[in-house]
Amino acid sequence: MNIHENVSLKPYNTFGLDVQAKYFIEIKNLNDLKEIVKANKSDKLFILGGGSNMLLTQDINKIVVKLDLQGISVVEDSDNYVLVEAQAGENWHEFVLWCIEHNYGGVENLSLIPGNVGTTPIQNIGAYGVEIKDVMHSCKALNVKTLEIVEFTNAQCEFGYRESIFKNELKDQYILISTTYRLTKENHSLKIEYGAIKGELEANNITSPTIKDISDAVIAIRESKLPNPKEIGNSGSFFKNPIVDKETFLRLQNGYPSMPHYIVSENEVKIPAGWLIETSGFKGYRLGDAGVHTQQALVLVNYGKAEGIQIKKLSETIQREVFNLFGIKIDAEVNIF
Ligand code: EPU
């Protein structure tokens, strides 16, 4: 195992922030992972996946462990479905493309989401009507204290909107090493109700879409709305969409009759943070190299040389202004270090 000193993390976070890791190690197998975890207290380790959901505001004075466990395998094959296990370091989008190539359905709506497989259950990634909780069968994780590998069922992950047990009760106690998905082999249950997908399929005259058609539609929609982290540093949605009670919703709707919203339950309504931020006047806002994306106000961007702390300050200004205008608190979705 090679531990490197003073390594720039710029290539390892999708915001493209140039902070230094005091120590850096790439881990390609489970034994090496166990060894490094055994030899160091967990608070000395900083586990890094695809770096797509983090804002680094300072140098990391720890051992940054870049999880690079690779491999995709079918672990169960029945007439109607397959269970496919992917190791944590596999790139998520490459995995989606692999599923489509094999005609395994279920993850096509989640095409082009940046990041690695290992982090998908942690924040229950979701897009265009599908969340990881809808397709995940189980996942395996290393207990950082006992070094045991524990398997979690879908129910044990306690999934919620961008939430799981790994962000709450079990935070920092486990390292996700693999995830198993239950995918359809035929009679795929396609999710095309989402307006933008419907529109994209119609525009291409597709009336009986395949999972590949859906993936292509999602890729086209994302490319038109979301900045490519390879060109403009970003971390996808910076904030979560807030969920408010019915009373708050009705008060807001009174002032903004065309406000988009989704009913979550009898007394809960989700409001798009992108709309709140745009209506607060921040869409396309730029301060130095830190900015709010021009097409999707939910996404904060680094135009080149922004520092993490500037992006953090911008996010706090946005939170304050949205609160002043609407009385709603919007929480960051990305992890800030
Ligand atoms: N909207 C605006 N202005 C904006 C952005 C959005 O008015 O700048 C409005 C849209 O017009 C639409 C509504 O807000 O009426 C919702 O917008 P959109 O469909 O683009 O989705 P979102 O709620 O902004 C969520 C996810 C995205 C995911 C999309 C599509 C969260 C935090 N974000 O965004 O996830 O791709 O839905 O399903 O839930 C991510 O997590 O990184 C991510 C990109």
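Conventions and cut-offs
Residues numbered from 1 in each chain as written. Predicted model: local features only at pLDDT ≥ 70, side-chain atom pairs only at ≥ 80, totals over all residues. Heavy atoms only, no water. Domains from an automatic or database assignment. Contact = heavy atoms within 4.5 Å. Buried area = accessible area lost by both parts, 1.4 Å probe. Pairing = 2+ DSSP bridges. Helix = DSSP H or I, 4+ residues; strand = E, 2+ residues; numbered from the N terminus. Axes fitted to C-alpha atoms, helices over the stretch in contact; angles between N-to-C directions. Core = buried A, V, L, I, M, F, W, Y, C linked by side-chain atoms within 4.5 Å. Buried < 20%, exposed > 50% of the residue type's maximum accessible area, 1.4 Å probe, protein only. Near = heavy atom within 4 Å. Polar contact = N/O pair within 3.5 Å; in protein donor to acceptor, adjacent residues only side chain to side chain. Areas by Shrake-Rupley, 256 points an atom, 1.4 Å probe, with all protein chains shown as cover. Nonpolar A, V, L, I, M, F, W, Y, C, P; charged D, E, K, R; others polar. Phe/Tyr/Trp six-rings, centres within 6.5 Å; stacked < 30°, edge-to-face > 60°. Lys NZ or Arg CZ within 6 Å of the ring centre and 35° of its normal.

Focus: the domain arrangement of the protein chain
Partitioning the protein chain into structural domains gives domain 1 (4-67), domain 2 (72-184) and domain 3 (233-336). The centre of domain 2, based on its C-alpha atoms, is set 27 Å off from the matching centre of domain 3. Contacts between the two partners involve five residues from domain 2 and, on the opposite side, five residues from domain 3. Three residues stand out in domain 2 for area buried against domain 3, namely Y161, R162 and K167, and they jointly supply 77% of the buried area on that side.

Structural notes on the sheet that holds strand β12 (residues 174-184)
Spatially, the five strands line up as an open sheet ordered β6-β7-β12-β10-β11, and their pairing is antiparallel. Only two strands of the sheet have a single partner each, and these edge strands are β6 (72-77) and β11 (149-153). Here the strands of the sheet are splayed against their neighbours by 25° on average, with no regard to which way each runs. When β6 meets strand β7 (residues 81-87), the two strands line up antiparallel, connected through five bridges. Residue pairing in the sheet places D77 in a bridge with V82 of β7.

Concerning the nonpolar core
W92, F95, I132, F152, F166, Y181 and L183 are the most contacted members of the largest nonpolar core, which has 39 residues in total. The set of elements that each furnish at least two residues to this core consists of β7, α2 (92-101), β10 (136-143), β12, α3 (195-203) and α4 (211-225). Ignoring any residue separated from it by four or fewer positions in sequence, one finds W92 in contact with V107, L110, I113, G115, N116, V117, T120, I125, I132 and Y181. The next biggest cluster of nonpolar side chains, apart from the first, holds 30 residues, and it includes L252, I277, F282 and A290.

Quick look at the site of the ligand
Close to the ligand lie 24 residues, the nearest being Y128, Y161, R162, Y194 and E278. Within the side chain of R162, a nitrogen or oxygen atom sits 2.7 Å from an oxygen atom of the ligand. Here the ligand has 810 Å² of accessible area as a free molecule, and 81% of this is covered by the chains. Contributing elements (two or more residues each) for the shell around the ligand: β8 (126-127), α4, β13 (233-237) and α6 (273-279). The leading source of residues in the shell around the ligand is α6, at three residues. Here the shell around the ligand is built from residues that sort into eleven nonpolar, six polar and seven charged. Each of two domains, domain 2 (72-184) and domain 3 (233-336), supplies a minimum of three residues to the shell around the ligand.

Topic: unusual backbone geometry
One non-glycine residue with positive phi stands out, namely E158, at about 50°. Within the secondary structure layout, E158 lies in the loop between β11 and β12.

A few points about the packing of aromatic side chains
All chains considered together, the criterion is met by 16 aromatic pairs. An aromatic cluster is defined as three or more aromatic residues linked by ring pairs; in this entry it consists of W92, F95, W98, Y104 and Y181. Here K270 stacks its cationic end above the ring of Y161, 3.5 Å away from the centre of that ring. Lying over the aromatic face of Y303, R286 brings its terminal NZ or CZ to 4.1 Å of the ring centre.

Overview of the environment of G233
By the element assignment, G233 lies in strand β13. In the structure, G233 is positioned 157 residues away from E76 in sequence and 39 Å away in space, judged by C-alpha atoms. For G233, the contacting residues outside a window of four places in its chain are T14, F15, L300, V301 and N302.

Points about the environment of P11
For P11, the location among the structural elements is in the loop between β1 (4-8) and β2 (20-27). C-alpha separation for the pair P11 and G51, spaced 40 residues apart in sequence, amounts to 9.1 Å.

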